[in-house]
Structures are given as C-alpha cells and as structure tokens.
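# Overview (structure and organization)
Here are the chains, one letter per residue:
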Amino acid sequence: MNIVVLVKQVPNTTDVKIDPKTGNLIREGVASIINPEDRHGLEAGLQIREKLGGTVTVISMGPPQAMETVCECLAMGADRGILLSDRAFAGADTWATSTALGMAVRKLGEFDLILAGRQAIDGDTAQIGPQVAEFLRIAQLTYVRRLDAQEGKVIAERALEDGCEHIEAPTPVLVTVLGALNKPRHPTVEGILAATSERSPVEVWNAADIGVKVQDVGLAGSLTHVVRTFTPKGARDTRRLEGSATVIAAELLEALRQKEIRLGE
Amino acid sequence: MNKIPRPTPEEMIRKSFARFTDEEIIPKAREMDEADQFPRWMFDKIAKTGAFGIRYPRSVGGAGGNTTQFCIMVEELARGSMSVAAFTAMQCLMGTNFLFEYGTPEQHERLLKPAIRGEKVASFALTEADAATDLANVKTTARPDAEEWVISGSKTWITNAPVADFFTVLCQTDKNKGLRGLDFFLIERDTPGLYVSKKFDKLGTRATEISELAFTDVRIPHENRLGKEGQGVGNLMRILSVIRVMTAALSLGLARAAYDQSARYAMERTQFKKHIGSFQLIQQKIANMATEIWASHLMTYTTAEMIDQGQRPLKEASMAKYYASEVACRCADEATRIFGAYSYSMEYDVQRYYRDCRFLLFGGGTSEILQTIISRECGVS
C-alpha cells in the first residue's frame, strides 16, 4: 500500500506568544516539534506498511527549518520525505496550504492512503485533511481512533461527540487521526544517522516543482486573512461562599436568582 | 531543487532522547527506584531505539555513531534516571567493547549482536576486594589447561551482574608481569563454577543491580581471551578516555535535572510573600549551578570531540570526569537546600539526585585518583 503522511512542524508549547502587530505566532525561542497528532498518523502509516508492504512518504510544508521534522519522520521509519518550501508558500491559510499539499500528492503519483493528524496544535482548524481530500476528490474519514487497512480498503472507528461510528471506505482515501489511535515509536539511532546524512531521501519542492501558480498558494492564494489575533479576557467575577452547607446553599441560590439563572421548574 | 541543510545527527539525537526521557523515563523514574530492581521492560524499550549499538558499526548491528553522540544520549537518559543511564552505558561500552574489538565472528553472532539488540545483558568485571584503582593487585587468575582457560577468584561491585548473560572479566595471567600480566576473558553466565551473589543493597542507582562474582575453576574455551596476551590493561587504556568522558556526560545529565527542578521551584515557592528566587542567596545558587553545568558541558563535549578526531585525551577526559562529577554532587546538594525540607521527602525527586550522584564519584576513577593523574599529566608527581 502506498501511503502519504501529511505532517506539520509546530511550536512545542500551547503557551505561544502572539505578535500584536502582525497577529502571527512568535516562533523565536520556542522549540519546534512534529505536530503531536501527525506523529500518530505517521505511526499508523508505518504499522500499515509493516503489515501490507508498500511505502510511506511524508510531506510537510514549511520554512527551511521544517527539514528537521521531515528528517525526524525518516528517522522513525518513513521511506521518503518531501519538504514544500518556497517563499511563495508563506502566509498560507488552510485553503492555500491544502492546494499546495494536494498538488504535491498529485505529483507523487498513485497512492492508496493519505494520513494526517486531526488538527495542528498551533492552529486547531482541523481543515487541512478534509480540504486535501476535497482537492483530490477522494473519500475522507476524520476523527479516526481505530484503523485497520486491507488491500483496497480501510476500516475505521470514528470518534463522535455522542458515540462512535464504524465505517469502511475503499482506497484511495484520506484519514485524519486522533492521539488515541496508537503510541508513536521513537526514532532509532541508526534512523537518525541515516536521516541526517546528505544521502537521505529528502527532496525539497518549490511552487514550480509542484506546478502551482504563485497566486494560488501562500498569502496570495489564501481565501481568509487573519485580521487580529488576541487572547480573550478571562476575567471572571469570583465570589467565595463560606459558612455551613445550609448557609452556602442559601447564598448560592440567592446569587443565581439575582443573575436570573433558572434552576428548572 | 533547493538545497536545505539537514539537521546535525547530534541535534537530532539530543532531541530524540530528550523526548524519550521525558515521555518514557521521567514518569517511571521514582517507581523504578523504589522497586529496587533491574527494569527489564525499560531495558527493552531502550533497545528498540537502537541505543545499545550507537558506538558500533552496522556490520554488527550497530548505528556507526561516535563518542559525542554516545555522550549526548547517555546525558539525556541520566537527566531522567541515573540507574537507566548507568545500565545503558554498561551495555553500550564496557560490557560489550572488548567482545566487539577482540571477539571471534562466532562470539559476535552468538553474544554481541543479541546484546546490541537488547536480547542479552552484558557486564564488565574489573574490581576486586583489594584491587580497584590498583589493578596490578588483581588476584583473579586465568591459567591455561589444554585447550581451555581455568578461572579462579572473585570480583565485586559488578554492575548488571545479577541480570547479565555474559561478563568481560579482568584476570591475572602472569603475576610476575604486573600490569602486563593481565587479560580480559569472556565468561558466560551459565558456565559451571561461576557464582553470582545476591544483589547489593545500595544508597542510590537502585534500579541498576550490582553484586559479586565468584569463580571456582571456571573452564572456558581458549578463544575466550579477548585480546592478545598481556594486553588487557593496554586495551583498557584505549577506551579509558571514553569511559571517563561518558561518566562526565552522565554527571551532566544529573546536574541538569537538579538544576531544572531547582530553577522551577525557586519561581514557585513563596516565603515572605515573594517567590524564593527573588532572594539573592537563592539566585547565587542558581547562578553557580548554571555556570558550573556550562563548564561541565564544554569540558565534556570538547573532550568527546577530541576522541572523535582520533586523539586519546586522557588528561582532558580525567579533568572532565573529575569536574563534572563534583559539579553533579554540588548541584544535587544545592537543590536539596533550595527545596528545603521537601528535599528530605521521598515524594520529591531531589532526594534521588542526592543519592544517585554519589555513584558518579567512583566509576571511572575517584576524584582523588583523577587529581593524582591530572597532576601527573601536568608534569607534577
């Protein structure tokens, strides 16, 4: 089975600072990691390859330093890495990113399965996977927490808000995965030394390489623009109730009544 | 196609083993310490990363790494657990080095390759009751008898001995030749006449098991002498710099753990309505810890690089080990002062650093003998 895994390099913290002028994340001084759910996507791909054979190709779009993420995926066991890196890709929203990733997948040729994390911890949009599937006009299974692949199809369990869904889809198909799917392996020392050598199978593709017009990717190709990013003010009016349980209960009820919060009939 | 440089292997090894330590070791470090036994499951997890083969070529199942990379790896492991780092270092270096260098192809297939895969545990037996720093006083003997060697004597303070599958043992082959009458021998655990004592009850590194070995007319094949006759100590000297710089890296890992926890705690703990990090005497401790750790780092990795360039920097490696191990002890001590009474509680990791750091003072040479060696290397003896 030929598997493509989409990965993103993200800052290693949920406590990132935002540049008040540009609204962009300040990445300086923050260590970068593979987006956690993408690691689970890669692990799923490696396990399927071990079961059915085939290849695992990783694609990441990002600045030159995202080379580290692609190499880490190779060190974990991916066969080939593609880094989409071009100034033309900068400032892309999810639409423009999906366009670039979709074109890169097309350039790779035939594939059976695309895996991606549900969402990245720096944007939380959960849009890339579905948009790439739409771009390529293939089926998509999102929020997958169990996955079994067989020749010609995948069988998945999707986590829903009120339960789960067992679903089967023919390949080619795109699957976005949750952290509950598996436990990602650690890179091996041998894998690290091979991945960081100049002979490691990593290619860097730019906009021309994947055949996109520069106006269709990056900031120019984005349908959305971030107007402002801010942290919502979480100031809450907190009042501490003290005394016996009866006193606290009475005061609580009175406070709720004053706020006109109905407690049922 | 654009050319974008790859990250260096050193960067990736540090990052990868830092995550391994954060995800796999630190959450279990206290549990392993309290269980007071060799955690085979952790040994197996480390084996899956290929760590045990980091120094060895691919021809024997290794990764072809260098001393710098080896030091980075054990430093990160030591940040999580000195016990885990210690048994990993034993498996990567002392326990397997002589088998790799001087073993037969058959021994490589049967013992070395499985050890690199983590299927067999290796150990190294040098110390005796009256011979540690003073190797010329080794009394365990190996005498030839027909096509075999007959080993008699005992060893003590043998890391991994209770769980090891094979041992590299220093024996006296000619007592008239002093240090030139010593050789290493490969002895497998199930050899008749080999007795492994019960494990020692120790202050620290409690998840690494240590015990004594006794040899009563243990007969081993002729090819089990590892190295040419009389060259045991000479061959040991060839890796002594690696052993010492590796111990410096272990020390660095522990010092960093003590420092990290201290710096965090100093900003959390409040007294007199201020976090204690705002007090200058705490700041002094943090500043000294950070400075000494940086000095240890520079000494350790400058020396490792010299080894990777083909030098045998015994003086620098001795300095790095001496300095870094003393820094680890000072950092652990300062951490206990910053944590105050909480460092006296088994609920906090600081007490483990305080116990484990003492291990660093002995392996690879005591501070006292290292100072003697450094002075001698400086021409003053």
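For the structure given in this document, a descriptive report is provided here. Every chain is numbered independently, its residues counted from 1 as its sequence is written. Chain letters and ligand numbers both follow the written order, the letters beginning at A and the numbers at 1. Note on the predicted model: pLDDT of at least 70 is required for a residue's local features to be given, and 80 or more for side-chain atom pairs to be given and counted; whole-chain, interface and lining totals, by contrast, use all residues.

Once that is clear, we can look at helix α1 (residues 36-52) of chain A. All names here are of chain A. Compared with an ideal rise of 1.5 Å per residue, which puts 17 residues at 24 Å, α1 spans 25 Å between its outermost C-alpha atoms and is within 8% of the ideal. Residues with at least 20 other C-beta atoms within 10 Å of their own are called buried, those with 12 or fewer are called exposed, and the rest are partly exposed. The C-beta atoms themselves are positioned from the backbone. Only runs of H or I of at least four residues qualify as helices and only runs of E of at least two qualify as strands under DSSP, and these elements are numbered from the N terminus. Most of α1 sits inside the fold, with 12 of its 17 residues counted as buried. For α1, every residue scored as buried is listed here: E37, D38, R39, H40, G41, L42, E43, A44, G45, L46, I48 and R49. Taken from the residues just after α1, G53 is the one with a positive phi, measuring 80°. Here the expected length of a helix is defined as 1.5 Å per residue gap, with one fewer gap than residues.

Turning next to the nonpolar core. By definition, a nonpolar core groups buried Ala, Val, Leu, Ile, Met, Phe, Trp, Tyr and Cys residues that connect through C-beta atoms lying within 7 Å of each other. If you look at the biggest cluster of nonpolar residues, it comprises 183 residues, and the most contacted ones within it are A100 and V175 of chain A together with V74, F185, M246 and L254 of chain B. Contact criterion: two residues are in contact if their C-beta atoms, reconstructed from the backbone, are within 7 Å. When residues no more than four places from it in sequence are discounted, the contact partners of A100 of chain A are M61, L84, F89, A92, I210, V212 and V217 of chain A.

A word on the packing of helix α3 (residues 94-108) of chain A against helix α4 (residues 128-136) of chain A. All names here are of chain A. Note on geometry: axes are lines fitted to C-alpha atoms, helical ones only across the stretch in contact, with angles between N-to-C directions running from 0 to 180 degrees. For the pair α3 and α4, interaxial distance at closest approach is 9 Å and the crossing angle is 55°. Between α3 and α4, the interaxial angle falls into the category oblique. Where α3 crosses over α4, the handedness of that crossing is right-handed. Where α3 approaches α4, its residues T94, W95, T97, S98, T99, L101, G102 and V105 are matched on the opposing element by I128, Q131, V132, F135 and L136. Tallied by class, the residues present in the contact of α3 with α4 amount to 7 nonpolar, 6 polar and no charged. Any angle from 65 to 115 degrees is called roughly perpendicular, while one under 35 is roughly parallel, one over 145 is roughly antiparallel, and all others are oblique. Should the near helix be turned anticlockwise from the far one by less than a right angle, the crossing is left-handed, and should it be turned clockwise, the crossing is right-handed. Note on residue classes: Ala, Val, Leu, Ile, Met, Phe, Trp, Tyr, Cys and Pro are nonpolar, Asp, Glu, Lys and Arg are charged, and everything else, Gly too, is polar.

Attention now goes to the sheet that holds strand β11 (residues 163-170) of chain A. All names here are of chain A. One requirement defines pairing of two strands: DSSP has to find at least two bridges between them. Spatial strand order, β11-β10-β9-β12-β8-β1-β6-β7-β13: 9 strands in an open sheet with mixed pairing. In this open sheet, the two edge strands, each paired with only one partner strand, are β11 and β13 (202-205). Taking the axes of each pair of neighbouring strands and ignoring which way they run, one obtains an average angle of 35° across the sheet. As judged from the 4 bridges shared by strand β1 (residues 2-7) and strand β8 (residues 113-117), these two strands associate in the parallel manner. Its bridge partner lying in β8, V4 is registered against I114.

The next subject is the pairing of β11 of chain A. Looking along a regular strand, one sees side chains alternate from face to face of the sheet. Residue and element names in this part refer to chain A. Little of β11 sits out of view: just 0 of its 8 residues are buried. In the sheet, strand β10 (residues 153-160) pairs with β11 via 8 bridges, with the strands oriented antiparallel. Counterpart to L160 in the pairing with β11 is G163.

Here the focus is unusual backbone geometry. T171 of chain A connects to P172 of chain A through a cis peptide bond whose omega is 0°. Among the structural elements, P172 of chain A can be located in the loop between β11 and β12 (173-177). In this structure, E260 of chain A is a non-glycine residue whose phi angle is positive, near 60°. Judged by local crowding, E260 of chain A falls into the exposed class, with 6 C-beta atoms found within 10 Å. Despite not being glycine, T205 of chain B has its phi angle at roughly 40°, a positive value.

Relative to the helices and strands, V154 of chain A is located in strand β10. Residues V154 of chain A and V173 of chain A, 19 residues apart in the sequence, show an inter-C-alpha distance of 8.1 Å.

What follows deals with helix α2 (residues 67-76) of chain A. Residues and elements named next belong to chain A. When you tally the buried positions in α2, you get 10 out of 10 residues, the bulk of the element. Of the positions making up α2, those classed as buried are M67, E68, T69, V70, C71, E72, C73, L74, A75 and M76. Trailing α2 by a residue or two, G77 shows a phi angle of about 135°, which is positive.

Another point: the interface of chain A and chain B. On the side of chain B, 19 residues touch chain A, which itself brings 21 residues to the contact. A total of 5 residues in the side of chain A that touches chain B trace back to one element, the largest contributor, which is α2 of chain A. Taken together, the residues of the side of chain A that touches chain B sort by class into 10 nonpolar, 6 polar and 5 charged.

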